[in-house]
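Residue-level structural notes
Read off the chains here:
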Amino acid sequence: MRLLQKNIVPIVFIVLCTIGFHYSGLSWMFFANDLMTRLARNSFLVISLIIPVLAGMGLNFGIVLGAMAGQFAAFITVVYNLTGITGFFLACVLSFPFAVLFGWLTGILFNKAKGKEMITGLILGFFANGLYQLVCLIFIGWIIPISNKALLLPSGIGFVNTLDLKIWQYAIDKFYVFKLKGITTPLLKYLNNINFPVLTLIIVALLCTAVYLLFRTKLGQDFRAVGQNRHIAEVAGIKVDRVRIIAVIFSTVLAAWGQLIFLQNIGNVQVYGSHVQVGTFAVAALLIGGASVSKATIGQALLGTVLFHALFIVSPLAGKNIMGSAQVGEYFRVFVAYGVIGIALALHAWQRLTKKE
């Protein structure tokens, strides 16, 4: 019974995904391939949330700034035509200083708003988006010269709405694609036709290993100590504010790289919109995996990514077949994304009140 209560959220979503798949009429082949693609391109972003959670800062909606850092780097590769896998990894390198700067500033702000990091991160994302659009819509072509006028609006100032990233699309996804062969077991033979983006999955596996090992280092133990009790950690000689800033920088850098992995799969960047929902969807995926505001694991991040995006795949067709409109499925997805976050925050507030009593 306790196990059921502990995992009620993932269980509910497994049931919803199963029902949705049944009514969607999708084939196993299409579903499995689409799910594998989504897992590879989105899990990096979700895992980037884990460190701030364990450091006691809750769900870092500020990863939107990491996504912006990744997109600034992507713009540079487009302007200078840096192609292929080299261009992709150069974008990762170029995003690093942007992400460190944004993470450092975010960490300083979070230290000024201890206990209210989640709402601070959410509002910070809106504020940063205004500055981001100021740069992309006004400064580009006016203060920052761009030689390729095809990248600019007809006025010659500001990026066009969509920038093509075909110069390094699928740079890592199609570097090496593996297909299983020869499986004849009835329950597993559909695996023969699933495309496994090997390099992308290896990168995600390396991230999982790195995060696991990080929490076995002195810095990782400091993260945990600060997350459990800031006052006791400070008495023990840990520089709490510094550790919190480092945690946010880690998260922001990983979010920048995660956004680049996402963009190389999509093949284009919606200049003024690709980053907007990054925080919401990543947070929702983490919570669906069974994480909470104060506890998250790599397994929960990966499970949540699978369940959240499985629901994304099946809900439009399920909504169309059940209610006669695919838009119903879209509404349901939005309801799930925001609803699961709202419930998690309400439970967190209730738990804090219970502890005080």
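Please read all numbers here as calculations on a predicted model, not as lab measurements.

Looking at the overall build of the chain
When its secondary structure is counted, the chain shows 14 helices and four strands. A compact globule built from 357 residues should have a C-alpha radius of gyration of about 21 Å, and the chain, at 21 Å, falls within 12% of that. If one aligns the C-alpha atoms of the chain with their principal axes, the spans along those axes are about 60 × 55 × 40 Å. Here the contacts in the chain between residues at least 6 apart in sequence split such that 74% fall between residues at least 24 apart. Charged side chains in the chain number 26 positive and 9 negative. The centres of these two groups are separated by 4 Å.

Some details on the nonpolar core
Of all hydrophobic cores here, the largest spans 106 residues; its most connected members are Leu 59, Phe 75, Phe 159, Phe 223 and Leu 286. Ignoring any residue separated from it by four or fewer positions in sequence, one finds Phe 223 in contact with Ile 51, Leu 54, Ala 55, Leu 214, Phe 215, Val 243, Ile 246, Ala 247 and Phe 250.

A word on the pattern of salt bridges
For the structure shown, the criterion picks out four salt bridges. In this structure, the salt-bridge partner of Asp 34 is Arg 38, at a minimum N-O distance of 3.4 Å. Of the two residues, Asp 34 and Arg 38 are both situated in helix H3 (residues 28-47); the distance of four residues between them amounts to about one turn of the helix. The exposure class of Arg 38 is buried, given its relative accessible area of 14%. Close ionic contact of Lys 114 with Asp 241 constitutes a salt bridge, the shortest N to O distance being 2.8 Å. Here Lys 114, found in the loop between helix H6 (84-112) and helix H7 (117-139), pairs with Asp 241, found in helix H11 (residues 240-266); they are 127 residues apart in sequence, far enough to count as distant.

Some points on the UniProt feature "transmembrane region" (unreviewed entry) in the chain
When the UniProt feature table is mapped onto this chain, "transmembrane region" (unreviewed entry) is found at residues 12-32, 44-68, 88-110, 122-144, 194-215, 245-263, 301-319 and 331-350. Summarising residues 122-144: 78% helix, 0% strand, and an end-to-end C-alpha distance of 29 Å. A helix fraction of 100% and a strand fraction of 0% characterise residues 245-263, whose end C-alpha atoms lie 27 Å from each other.

Side note on the environment of Ala 255
By the element assignment, Ala 255 lies in helix H11. Residues Ala 255 and Gly 62, 193 residues apart in the sequence, show an inter-C-alpha distance of 9.5 Å. Contact partners of Ala 255, with chain neighbours within four places excluded, come to Leu 45, Ser 48, Ile 63, Gly 66 and Ala 67.

Thoughts on the packing of aromatic side chains
Within the structure shown, the criterion is met by 18 aromatic pairs. A centroid spacing of 5.3 Å and a plane angle of 45° characterise the contact between Phe 72 and Tyr 132, whose relative ring orientation is tilted. Pair noted here: Phe 72 is in helix H5 (residues 63-79) and Tyr 132 is in helix H7, with a separation of 60 residues, a long-range link. Judged by relative accessible area, Phe 72 falls into the buried class, the value being 15%. For Tyr 132, a relative accessible area of 1% translates into the label buried. Linked through ring pairs, Phe 72, Phe 75, Phe 98, Phe 102, Tyr 132 and Phe 159 together constitute an aromatic cluster. Between Lys 174 and the ring centre of Tyr 170, over which it is positioned, the NZ or CZ distance is 4.3 Å.

Some words on a nonpolar patch on the surface
Taken together, the side chains of Phe 127, Leu 131, Leu 134, Leu 137, Ile 138, Trp 142, Ile 143, Ile 144 and Ile 157 define a hydrophobic patch exposed on the protein surface, amounting to about 830 Å² of accessible area. Looking at where Leu 131 falls in the secondary structure, it is placed in helix H7.

What about helix H13 (residues 298-323)?
Taking 1.5 Å per residue, 26 residues should reach 38 Å; H13 reaches 36 Å between its end C-alpha atoms and fits that length. Where H13 bends most, the angle comes to about 40°, and this point is Val 314, followed within four residues by the proline Pro 316. Downstream of H13 by one or two residues, Gly 324 has phi in the positive range, about 85°.

What to know about the environment of Cys 92
Tracing the backbone through its elements, the reader meets Cys 92 in helix H6. Look at Cys 92 and you get buried, because its relative accessible area is 12%. Sequence spacing of Cys 92 and Phe 72 is 20 residues, and the spatial spacing of their C-alpha atoms is 11 Å. Setting aside its immediate chain neighbours within four residues, Cys 92 contacts Trp 257 and Leu 260.

Parameters at a glance
- Residues numbered from 1 in each chain as written.
- Predicted model: local features only at pLDDT ≥ 70, side-chain atom pairs only at ≥ 80, totals over all residues.
- Heavy atoms only, no water.
- Helix = DSSP H or I, 4+ residues; strand = E, 2+ residues; numbered from the N terminus.
- Rg over C-alpha atoms; globule rule 2.2 N^0.38 Å.
- Contact = heavy atoms within 4.5 Å.
- Lys, Arg positive; Asp, Glu negative; His and termini not counted.
- Charge placed at Lys NZ, Arg CZ, Asp CG, Glu CD.
- Core = buried A, V, L, I, M, F, W, Y, C linked by side-chain atoms within 4.5 Å.
- Buried < 20%, exposed > 50% of the residue type's maximum accessible area, 1.4 Å probe, protein only.
- Salt bridge = Lys/Arg side-chain N within 4 Å of Asp/Glu carboxyl O.
- UniProt positions renumbered as here; feature names shortened; annotations may be inferred.
- Phe/Tyr/Trp six-rings, centres within 6.5 Å; stacked < 30°, edge-to-face > 60°.
- Lys NZ or Arg CZ within 6 Å of the ring centre and 35° of its normal.
- Patch = residues over 30% accessible without salt bridge, like charges linked within 9 Å, V, L, I, M, F, W, Y side chains within 5 Å.
- Areas by Shrake-Rupley, 256 points an atom, 1.4 Å probe, with all protein chains shown as cover.
- Expected span 1.5 Å × (residues − 1).
- Bend = angle between axes of the 7 residues up to and from the residue.

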